[in-house]
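Fold and geometry: a report
One-letter residues, chain by chain:
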Amino acid sequence: MTQYVYYFGDGVADGDATMKSLLGGKGANLAEMVRIGLPVPAGFTLTTEVCTYYYANNRTFPPELKQQVLDALHRVEKVMGAEFGSATNPLLFSCRSGARESMPGMMDTVLNIGLNDTTVVALAKQTGNERSAWDSYRRFVQMYGDVVLELKPKDKTEGDPFEVALEHKREHEGVTEDSALSVKALKELVAEFKQLIKSRAGKDFPTDPMEQVWGAIGAVFGSWMNDRAMVYRRTYGIPHEWGTAANVQAMVFGNLGDDCATGVGLTRDCALGTPGFCGDYLINAQGEDVVAGIRTPKRIEETLASDMPEAYAQLNEIGKKLEKHYKEVQDIEFTIQRRKVYMLQTRNAKRTGFAAVRIAVDLVNEGLISETEALQKRRIPADDLAQLLQPIFDPAAKNVATKEGRFLAKGINAGPGAASGIICLFADEAEKFHEKNPNIDIVLVRKETSPEDLRGMKAAKGILTATGGASSHAALVSRQMGKACIVGCSALEVDYTNSTVKVAGKTLKAGDFISMDGFTGEVFEGKVQTKPSEVIQVLVQKSLKPEESETYRRYSQLMGWVDKYRKLRVRTNADTPGQADEAVAFGAEGIGLCRTEHMFFDHLDEIRHMIVAETKETREEALAKLLPFQRADFAGLFRSMNGRPVTIRLLDPPLHEFLSDRHLEEQPDLAEKLASWTNSTVDAVKRRVGELHEANPMLGHRGCRLGIVYPEITAMQARAIFEAAVLVKKEGINVVPEVMVPLAGFVTEFKHQEKIIRATAESVFSQTGVTLEYLVGTMIEVPRAAIRADQIAKAAEFFSFGTNDLTQTTLAISRDDYGPFIGFYRENDIIGNDPFQTIDQEGVGDIMRIGVDRGRSSRPDLKIGICGEHGGDPSSVMFCHDIGLNYVSCSPRRVPVARLAAAQQALAAGK
Ligand code: PEP
Ligand code: MG
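As a starting point, this report considers the structure included with it. (Residues numbered from 1 in each chain as written. Chains lettered and ligands numbered in written order. Predicted model: local features only at pLDDT ≥ 70, side-chain atom pairs only at ≥ 80, totals over all residues. Heavy atoms only, no water.)

1. Some thoughts on the overall build of the protein
Summing up its helical and strand segments, the protein has 37 helices and 34 strands in all. A globule of 911 residues ought to have a C-alpha radius of gyration of about 29 Å, and the protein, at 32 Å, matches this closely. By its C-alpha atoms, the protein is 105 × 60 × 55 Å across when sized along the principal axes. Sorting the 911 residues of the protein into buried and exposed places 58% on the buried side. When contacts within the protein are restricted to residue pairs at least 6 apart in sequence, long-range pairs at least 24 apart make up 69% of them. For the protein, the computed accessible surface area is about 35,600 Å², with 50% contributed by carbon and sulfur atoms. The positive charge centre, built from 108 side chains, and the negative charge centre, built from 122, are 3 Å apart in the protein. (Helix = DSSP H or I, 4+ residues; strand = E, 2+ residues; numbered from the N terminus. Rg over C-alpha atoms; globule rule 2.2 N^0.38 Å. Buried < 20%, exposed > 50% of the residue type's maximum accessible area, 1.4 Å probe, protein only. Contact = heavy atoms within 4.5 Å. Areas by Shrake-Rupley, 256 points an atom, 1.4 Å probe, with all protein chains shown as cover. Lys, Arg positive; Asp, Glu negative; His and termini not counted. Charge placed at Lys NZ, Arg CZ, Asp CG, Glu CD.)

2. A word on the pairing of strand β27 (residues 569–573)
Counting buried positions over the 5 residues of β27 gives 4, a clear majority of the element. Bridge count for β27 against strand β34 (residues 887–890) is 4 bridges, and the pairing is parallel. Across the sheet, residue Val570 finds its bridge partner in β34, namely Val888. Where β27 lies against strand β28 (residues 591–595), 2 bridges are found, and the strand directions are parallel. The partner of Asn573 across the bridge, within β28, is Leu593. (Pairing = 2+ DSSP bridges.)

3. Focus: the coordination of the magnesium ion (ligand 2)
Taken together, Glu781 (OE) and Asp805 (OD) make up the protein donors of the magnesium ion (ligand 2), found 2.0 to 2.1 Å from the metal. Note that Glu781 is positioned in the loop between β31 (775–780) and α31 (783–787) and Asp805 in helix α33 (residues 803–811), a separation of 24 residues in sequence. With a relative accessible area of 3%, Asp805 lands in the buried category. (Donors = N, O, S within 2.8 Å, 3.2 Å for Na, K, Ca; no water.)

4. Overview of the sheet that holds strand β2 (residues 12–13)
Pairing within the open sheet is antiparallel, and its 6 strands lie in the order β2-β1-β3-β8-β6-β7. Strand pairing shows two members of the sheet lacking a second neighbour, β2 and β7 (109–113), which therefore form its edges. In this structure, strand β1 (residues 5–9) lies alongside strand β3 (residues 43–46), joined through 4 bridges in antiparallel fashion. Its bridge partner lying in β3, Val5 is registered against Leu46. The sheet strands contacting helix α3 (residues 65–80) are β1, β2, β3, β6 (93–99) and β8 (244–250), and the helix crosses β1 at an angle near 5°. (Axes fitted to C-alpha atoms, helices over the stretch in contact; angles between N-to-C directions.)

5. Here we look at the sheet that holds strand β25 (residues 522–525)
Pairing within the open sheet is mixed, and its 8 strands lie in the order β15-β25-β24-β17-β18-β19-β20-β16. Across the chains shown, the open sheet's two edge strands, defined by having one partner strand only, are β15 (407–410) and β16 (412–415). Across the sheet, the mean angle from the axis of one strand to that of its neighbour is 30°, orientation sign disregarded. Looking at chain direction, strand β17 (residues 418–424) and strand β18 (residues 442–446) are connected through 3 bridges and run parallel. Residue pairing across strands places Cys424 opposite Leu444, the latter belonging to β18.

6. Examining the site of ligand 1
Among the 14 residues in the neighbourhood of ligand 1, the closest are listed as Arg595, Gly802, Asn804, Asp805 and Arg815. In the model, an oxygen atom of ligand 1 is placed 2.9 Å from a nitrogen or oxygen of the Arg649 side chain. Backbone polar atom of Asn804 to an oxygen atom of ligand 1: 2.7 Å apart, as the coordinates give it. Protein contact buries 96% of the 290 Å² of open area that ligand 1 shows by itself. Every element with two or more residues in the shell around ligand 1 is listed here: β28 and α33. The leading source of residues in the shell around ligand 1 is α33, at 3 residues. (Near = heavy atom within 4 Å. Polar contact = N/O pair within 3.5 Å; in protein donor to acceptor, adjacent residues only side chain to side chain.)

7. Remarks on the side chain of Lys350
Along the polypeptide, Lys350 turns up in the loop between β13 (340–348) and α13 (353–365). Separated by 3.5 Å, the side chains of Lys350 and Ser102 make a polar contact.

8. Quick notes on the nonpolar core
Judged by nonpolar contacts, the single largest core of 137 residues is most densely connected at Phe638, Met848 and Leu885. In terms of residue count, the dominant contributor to this core is helix α29 (residues 711–730) (10 residues). By size, the runner-up hydrophobic cluster in this structure holds 88 residues, among which are Leu149, Leu151, Ala229 and Ala430. (Core = buried A, V, L, I, M, F, W, Y, C linked by side-chain atoms within 4.5 Å.)

9. Description of the state of the cysteines
All chains considered together, the criterion is met by 0 disulfides. Cys485 provides the cysteine sulfur closest to Cys489, a residue in no disulfide bond, and the two sulfurs are 11 Å apart. Looking at Cys489, the relative accessible area reads 0%, which means it is buried. The thiol of Cys594 is unpaired, and the distance to the nearest cysteine sulfur, on Cys867, comes to 11 Å. Take Cys594: its relative accessible area is 0%, and that puts it in the buried class. (Disulfide = S-S within 2.5 Å.)

10. Looking at the packing of aromatic side chains
This model, assessed by the stated rule, comprises 23 aromatic pairs. Between Phe44 and Phe93 the ring centres are 6.3 Å apart and the planes differ by 65°, which places this aromatic pair in the edge-to-face class. Linking Phe44 in strand β3 with Phe93 in strand β6, this pair joins segments that are 49 residues apart in sequence. Note on accessibility: Phe44 and Phe93 belong to one class, buried. Between Tyr54 and Phe221, the ring centres sit 6.1 Å apart and the planes meet at 40°, which makes this aromatic pair tilted. Remark: Phe221 occurs in helix α8 (residues 209–222) and Tyr54 occurs in helix α2 (residues 48–56); sequence separation between them is 167 residues. With respect to burial, Tyr54 and Phe221 carry one shared label: buried. Aromatic rings pair up to connect Tyr54, Tyr55, Phe61, Trp214 and Phe221 into one cluster. A cation over an aromatic ring shows up here: Lys340 above the ring of Tyr342, its NZ or CZ 5.1 Å from the ring centre. Just above the ring of Trp677 sits the side chain of Lys625; from NZ or CZ to the centre is 4.9 Å. (Phe/Tyr/Trp six-rings, centres within 6.5 Å; stacked < 30°, edge-to-face > 60°. Lys NZ or Arg CZ within 6 Å of the ring centre and 35° of its normal.)

11. Looking at a nonpolar patch on the surface
Together, Phe824, Tyr825 and Ile830 give the surface a local cluster of nonpolar side chains, amounting to about 320 Å² of exposed area. Turning to its location among the elements, Tyr825 is positioned in helix α34 (residues 819–827). On the basis of relative accessibility, which here comes to 32%, the residue Tyr825 falls in the partly exposed class. (Patch = residues over 30% accessible without salt bridge, like charges linked within 9 Å, V, L, I, M, F, W, Y side chains within 5 Å. Salt bridge = Lys/Arg side-chain N within 4 Å of Asp/Glu carboxyl O.)

12. Concerning the packing of α33 against helix α35 (residues 844–858)
At their nearest, the axes of α33 and α35 sit 10 Å apart, and the two run at 115° to each other. When the axes of α33 and α35 are compared, the pair comes out roughly perpendicular. Note that α33 runs across α35; the crossing there is right-handed. Along its contact with α33, which presents Thr803, Leu806, Thr807, Thr810 and Leu811, the element α35 presents Val844, Ile847 and Met848. In terms of residue class, the contact of α33 with α35 is built from 5 nonpolar, 3 polar and no charged. (Parallel < 35°, antiparallel > 145°, perpendicular 65-115°, else oblique. Left-handed = near helix turned anticlockwise from the far one by under 90°. Nonpolar A, V, L, I, M, F, W, Y, C, P; charged D, E, K, R; others polar.)

13. Focus on the packing of helix α21 (residues 577–585) against helix α24 (residues 616–641)
If you want to describe how two helices pack, look at the angle between their axes and the distance between the axes. Remark: α21 packs on α24, axes separated minimally by 9 Å, with the N-to-C direction vectors making an angle of 15°. Judged on the interaxial angle alone, α24 and α21 are roughly parallel. Relative to α24, α21 is oriented so that their crossing is right-handed. Taken together, the residues of α24 that come into contact with α21 (itself represented by Pro577, Ala580, Asp581 and Val584) are Gly636, Leu637, Ser640 and Met641.

14. Let's talk about the side chain of Asp280
Note that Asp280 resides in strand β10 (residues 275–283). Looking at Asp280, the relative accessible area reads 1%, which means it is buried. Engagement of the side chain of Asp280 in a polar contact is seen with the side chain of Arg299, the distance being 2.6 Å.

15. As for empty space enclosed by the protein
Applying the stated criterion across every chain, the model contains 1 cavity of 30 Å³ or more. In this structure, the largest cavity occupies an estimated 120 Å³ of space. Here the residues of the lining of the largest cavity sort into 6 nonpolar, 7 polar and 1 charged. (1 Å grid on protein atoms, 1.4 Å probe; cavity = no way out; pocket = protein on both sides within 12 Å on 5 of 7 lines; lining within 4 Å. Points joined across faces, edges and corners; volume = space filled by probe spheres on them.)

16. What to know about the environment of Gly560
Examined against the element boundaries, Gly560 turns out to sit in helix α20 (residues 550–565). Spatially, the C-alpha atom of Gly560 lies 9.9 Å from that of Glu371, the residues being 189 residues apart in sequence.

Printed below as a string of structure tokens:
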């Protein structure tokens, strides 16, 4: 018989930490904590297989589950010395979700299961605390009503109906905190909540504890497929098939009095990575108060030692034991019941890219982990490294803003980074606005955020909330997204009805600019100038010395390890010396793609002259004008790269990108100018522009087809490359040009271009008396090239996969026009990723594999790289490692990310 239920408690557990896929992270770690002797209330885990069954069988449970739950429940009763539903000695349960990977706040939880009008009286007697018993009952009805019976606000302007009733009650009693409500008020609330549920959700609140527990279990499994959980999984690549586990656990109480508390903690700070136990706690409260961000909690590191010295000491001990055991920073949930700490959860803590780097490097320096462990993907997701390059506010600009009276308030600095943007109060509006205006930054300002706001948070540059602590939902999620985030900024009065934010005596409206510093928690009115991160200041601007920046020093120590283990080389896509310099500072080992057409954008007159030319002679005249510009550009690149290889691709785009009807319309004198340069007429120019028009330009006259039809273009570009190379070599700088032919599919295309390139090289060498090594290779960006790579590799000395075009030509999806349906495709799980961002490994990837294998079958040492945008995407980089490429090439700022991803895959593959 399948074991669907795993017990834990009283020193024994059926499961352990290795069983995350079956028990979920929470269940596996509860079992593990029991095993290492930490105080954990007894309970049991319903496995992820139950969830799979539930969805495969029309939301029903396996028949044998009922008995297994009952057996486990009785076992917990025995250990806890209390009975579920007893009228004299009742045991209460919580029911929490817990997937293989944590999905903070995305799924549901129900606490205090087992309370009804009878058990509440018994609980009051048993704990000697009538108030807390009724407080628990009030919470239970509220949570059950929300989560299981689905009583939600009608629309976005209505507050949560339960919270509205609570607020009325507080006002009525003249108190500000829930914990100050009288027993009478709590009893009234329980009755009012039940009535609300009956009238608005049309359901009776169940009094039978067994019915309650099954309702809660169903809701927890049901929440696996709610919208926010699905969005979250799509964002973080968690498969829908995994399912969640459900954990049913005996309740301990944080709300029995002032010697009780509830809290969440981190064994080190996870915003910046600073060592030391930290977190949030609330005295006389239950868990959801902290996480929901409804009350602003106290900080463990500031006041717990004086508030509850015994509990503080226990927590510190537990924290150390956990870090030693898991070799990783832990994010824990705990309850203090009558001065004793109980553990409800531990998991590896989510962290910002900043914190991830600091923690990994510190743990190595503290001797807890090795260099290779520090580089693990789960410790530093390669994408997160980009956060270290994020802009910060210029301190001078912040001073000016303060002097101008624009400082508004200070909250909790929960996610580093600086953001200036327009105020948006609703997540769905933020999402829509961002779709229409991707270039205008948004700051999402809310009283608090809830998981429903996920989509809007993704669209925002920064997230600012009036309530909540550093572990509230807003903080956790934005930190993980790498957004600047400030929470608990209690000076903000957010008015959803009038779309205003009142703060510091001012009233800001939605649409006004606001700026927030996620490093310090400061909020300013209007825009504040940002400036580059410390790593950029050290590496690129050289305005900060390495010894002045701890952030840089850790980055550099980490990147040292990265380079020790990675096998893939990392180059950059750069067209200017400035970009090349920046990329070299980030560790680029060469240029993998210089798109020569980008250089033409500064010389539009000359290129248009070339395009309009109807004869070889007039075209050569124009090319002669272009030659010196190209030569100077190439020489600049060679100098910047100082001996590193430079791959220069010949002209690629369809010519109408430089000259089309649109250009003629926008510049009325252009046709006349071109006619005079080419000794022709305005009509002839217009006719030529008409000829250039293409219905399907990406499949038209572009790539090497240009250089084949107009060989003089290739000859000019090759001359510019070799003359520049000779020039720079004479300056004493080593030069390694690699000339690359775009979009070839037939070996004959390649050979045609190769012949011109080599002849030009010879001509330049004999004219100057200087020779140098060079390579002639090709892009592989149409499927035919990959399939006939054996033929092409006999002639081509290197390959570079142009996965932008290869994706476009393999999938028959235009890279320029896929916007309107890709969102729909992703939301409906037709495809898992945007194939233009992450290589479609099964399709495009397989064609790449063929290209690699067949290419090397005729030239075993063939150097192969990738220069499509995928070269900076971690999972694509890892794929490139797996198929044996020599290098990836990406935009300058992605270079560190690609280096880290390459090291991670080398280590993972080497195991
Ligand atoms: C490619 O197609 O992947 C490529 C790098 O070339 P481009 O993006 O310039 O077409
Ligand atoms: Mg291309």
